[in-house]
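# Residue-level structure breakdown
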Amino acid sequence: MAEQGGRGCCPPMDLFRSEAMQLVQIIIPIESAHRTIDYLGEIGLIQFKDLNAEKSPFQRTYATQIKRCGEMARKLRLFKEQMSKAGLLSSSTSSTQVDLSFDDLEVKLGELEAELIEINANGDKLQRSYNELVEYKLVLQKAGEFFRKAQSSAEAQLREQASNQTGEQSLETPLLSDQEAVADPSKQVKLGFITGLVPREKSMAFERILFRATRGNVFLRQAVVEEPVTDPVSGEKVEKNVFAVFFSGERAKTKILKICEAFGANRYSVTEDLGKQAQMVTEVSGRISELKTTIDVGVLHRGNLLQTIGEQYDRWNILVRKEKSVYHTLNMLSIDVTKKCLVAEGWSPVFATKQIQEALQRATHDSNSEVGAIFRVLRTREMPPTYFQTNKFTSSFQEIVDAYGVAKYQEANPGVYTIVTFPFLFAVMFGDWGHGICLLLATLFLLIREKKLSSQKLGDIMEMTFGGRYVIFMMSLFSIYTGLIYNEFFSVPFELFGRSAYGCRDPSCRDSTSAGLIKVRDTYPFGVDPAWHGTRSELPYLNSLKMKMSILLGVAQMNLGIFLSFFNALFFRSGINIWCQFVPQIIFLNALFGYLSVLIIVKWCTGSKADLYHVMIYMFLSPTDELGENQLFAGQKTTQLVLLFSALVAVPWMLLPKPFLLKAQHERHQGQSYTALQEAEESLLVENSDDSGHHEEFEFSEVFVHQLIHTIEFVLGAVSNTASYLRLWALSLAHSELSSVFYEKVLLLAWGFNNVFILIIGIIVFIFATVGVLLVMETLSAFLHALRLHWVEFQNKFYEGDGYKFSPFSFSLIDGEDE
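Calculation rules
Residues numbered from 1 in each chain as written. Predicted model: local features only at pLDDT ≥ 70, side-chain atom pairs only at ≥ 80, totals over all residues. Heavy atoms only, no water. UniProt positions renumbered as here; feature names shortened; annotations may be inferred. Helix = DSSP H or I, 4+ residues; strand = E, 2+ residues; numbered from the N terminus. Core = buried A, V, L, I, M, F, W, Y, C linked by side-chain atoms within 4.5 Å. Buried < 20%, exposed > 50% of the residue type's maximum accessible area, 1.4 Å probe, protein only. Contact = heavy atoms within 4.5 Å. Salt bridge = Lys/Arg side-chain N within 4 Å of Asp/Glu carboxyl O. Axes fitted to C-alpha atoms, helices over the stretch in contact; angles between N-to-C directions. Parallel < 35°, antiparallel > 145°, perpendicular 65-115°, else oblique. Left-handed = near helix turned anticlockwise from the far one by under 90°. Nonpolar A, V, L, I, M, F, W, Y, C, P; charged D, E, K, R; others polar. Pairing = 2+ DSSP bridges.

Mapped onto this numbering, the UniProt entry annotates "transmembrane region" (unreviewed entry) at residues 424-448, 469-486, 549-570, 582-602, 638-656 and 756-777. Between the end C-alpha atoms of residues 424-448 the distance is 24 Å, and the span holds 92% helix and 0% strand.

So, on to the nonpolar core. Residues Phe422, Phe426, Phe588, Tyr595, Leu599 and Leu728 are the most contacted members of the largest nonpolar core, which totals 63 residues. The biggest single contributor to this core is helix α15 (residues 575-606), with 12 residues. Other than its neighbours up to four places away in sequence, Tyr595 contacts Asn590, Val615, Met616, Met619, Phe633, Gln636, Gln640 and Leu643. Residues Ile28, Leu40, Met83 and Ala352 belong to the second largest nonpolar core, which totals 53 residues.

As enumerated under the stated definition, the model contains 19 salt bridges in all. One salt bridge connects Lys546 with Glu488, and the closest N-O pair in it is separated by 3.8 Å. In this pair, Lys546 is assigned in helix α14 (residues 542-571) and Glu488 in the loop between α13 (469-486) and β12 (502-504), connecting sequence segments 58 residues apart. Each member of the pair, Lys546 as well as Glu488, is classed as buried. Beyond isolated ion pairs, a larger network of salt bridges with shared partners links Arg68, Asp103 and Glu106.

Right, let's get into the packing of helix α4 (residues 203-213) against helix α5 (residues 250-262). Two elements in contact, α4 and α5, have axes separated by 10 Å at closest approach and are oriented at 155°. The pairing of α4 with α5 is recorded here as roughly antiparallel in orientation. Here the hand of the crossing between α4 and α5 comes out right-handed. Of the residues in α5, those touching α4 at Phe206, Ile209, Leu210 and Ala213 are Lys255, Ile256, Ile259 and Cys260. Class assignment of the residues belonging to the contact of α4 with α5 gives a composition of 7 nonpolar, no polar and 1 charged.

A few words on the pairing of strand β10 (residues 341-349). With 9 of its 9 residues buried, β10 lies for the most part within the structure. The side-chain alternation of β10 yields two buried faces, one formed by Cys341, Val343, Glu345, Trp347 and Pro349 and the other by Leu342, Ala344, Gly346 and Ser348. Two elements, strand β1 (residues 21-29) and β10, share 9 bridges in a ladder whose sense is antiparallel. In the strand pairing of β10, Ile28 is matched with Leu342. Sheet topology places strand β2 (residues 47-48) next to β10; 2 bridges connect them, and they run antiparallel. Directly across from Gln47, in β10, lies its bridge partner Trp347. Pairing of strand β9 (residues 334-335) with β10 involves 2 bridges; the strand directions are antiparallel. Opposite Ile335, over in β10, you have Leu342 as the bridge partner. Between the antiparallel neighbours β9 and β10 lie 5 residues, among them Lys339 with a positive phi of about 60°.

The following block contains the structure:
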């Protein structure tokens, strides 16, 4: 788990076994309870047990205080939302920081919330009025143009008809003069009209519905508003049209009003008098100017208030979250019958005893309590939590192990070996020192900007990559190392450490890579000879090296896993597991695959032409036959017979003795109970459920079936796991071949055209293919395969992984979390 704060002078970190844990009991006086939990949260080295699990959250002692904290957290979230909308960031660098108590902070937050809500409400009202006035002004201007144009047209018609008409001409409804020319003046009626704005996207539908609803007995005029306007209701920018609807009768008016409401059309009243229209435009413009000034003052005041809040926000937020966590912890404590003290129980590392006692003394002194807290260690049969001390380098490797399962208390921790084996197995599959350098440069960027990036909010993928930066760093270093061994730089071999040991037998083989080459100088000093790349017949070739190396690495790591199971059995004093599990497993594995590894090494040392496939197959099919040319050393046939017999004996050895020994052990202890604890008080603290678990009936059939499954799983797993390590060879070959394809079919092909444009295109394609496929997809693929080799092939030999993490009450963990 992540590195815990609060440990002062601590012993050296021991990642191999988890820290020794103890169950402690603390009896705390009521008057110093809050400060005690506060100080224990600062050191962060105790995991409290919930002693009130049967109670609901509302029945607990400090439910009211938690409710208050929740309300304060809600107010802080409101402030944060408002600051985000205003584009302000919280800052803890204010020069006027004031320390507030919890009660004072509650009052302060309430006052600030009320003030902010009032400012927002007033601002919303003013803004809505401002938006309505802007729309009203547009309606006055556009509708006024309707009336002016209509009156000008009517006056022109009157002048033309003056010589042929007598009497007076009414100009009350000039907009309809071109629609209705009624001969009988007695049939003319006075028309009403409605003006407003309608969203432009709804204007056509608005017109059609008006026509259908009134059966064509309306006259509609629309004018486009050039700029989008802010809608008073939604507050969003909307493109709108100004409309004027002329109608006759109250029924038509009612229908039109309902249609306007349905289409979200804002209505505004306009007078027919052109003089009054101009006067109203002037008045509205003046009111708009006044409202704008008022709104600006309000925005400035709101900004200053949010700025003041932002300067203290982080401190207030941390204080509220700490208080809430303290009260949550207090709710886990039981109240003594006298109601004068609280009783706490929890797990803590043994090394933290002194720090916890010092915190208790300090809390008693600072709270002016007359009675100090009582601290004592309890004896228990419960399984303690697992706690590994890690730092920023080792924590990411430990997380790889914990993702599979948390180690059981005091169980051997694979994380120690993962620090080396994980990046190395990755590098075996990813071996190319050119790609390794690219991976290293990307990782160095994360490491150099570590402090800045750790304080920023990163995306999911970036955050995962940043969290594993040290794993990737180690992977890149090991990839450079294995790449130098493979002698591959973007799949191209180089004579970095000297000239090749092979030369041409005659001038005809000048361009050859295998046929016609002979050894003309000393062996290449480091890594694979450049001439090995592409060889198929006369020289040992690189693929064979990678395949055999994969088997050696696999057998070595599986042996390590079995030896760790031996150390676990030794630590937990389980002699049955040592003799009935470790010994037959190590015999079986090494009688077969350990022997194969020895044959590979002997063949490399002697340069023999023996066929190892033939040797291993006929070791089972015809163990008594002569080996002939496949014999690698004297006495090989006898050795194989002994090893084969040992492997066959190891199988029933794993299966039969352990169930019978467990049965005999159970019968020997049947009827016996645990010895009494030394102190009567402590004997009451032992969980009854733990005792009952030790007196369950022994089912021999279940134990035998379980051991049978375990034996079959190990025997078959030894074969499949060894074959699984060949993925090291397969992935390395695939990586090398892909890199070779990109180099030859993209870069060299573009170079062969002798054209600058094609060469640039080829370089760009090569870079993108290398980054996208080899540095991203292949990195992820090799990472996942290395993960599988550790989780399945390595850890299943010894690792139970059925423990649970030590999760202390710590303010340092609370500060790094988002609520």
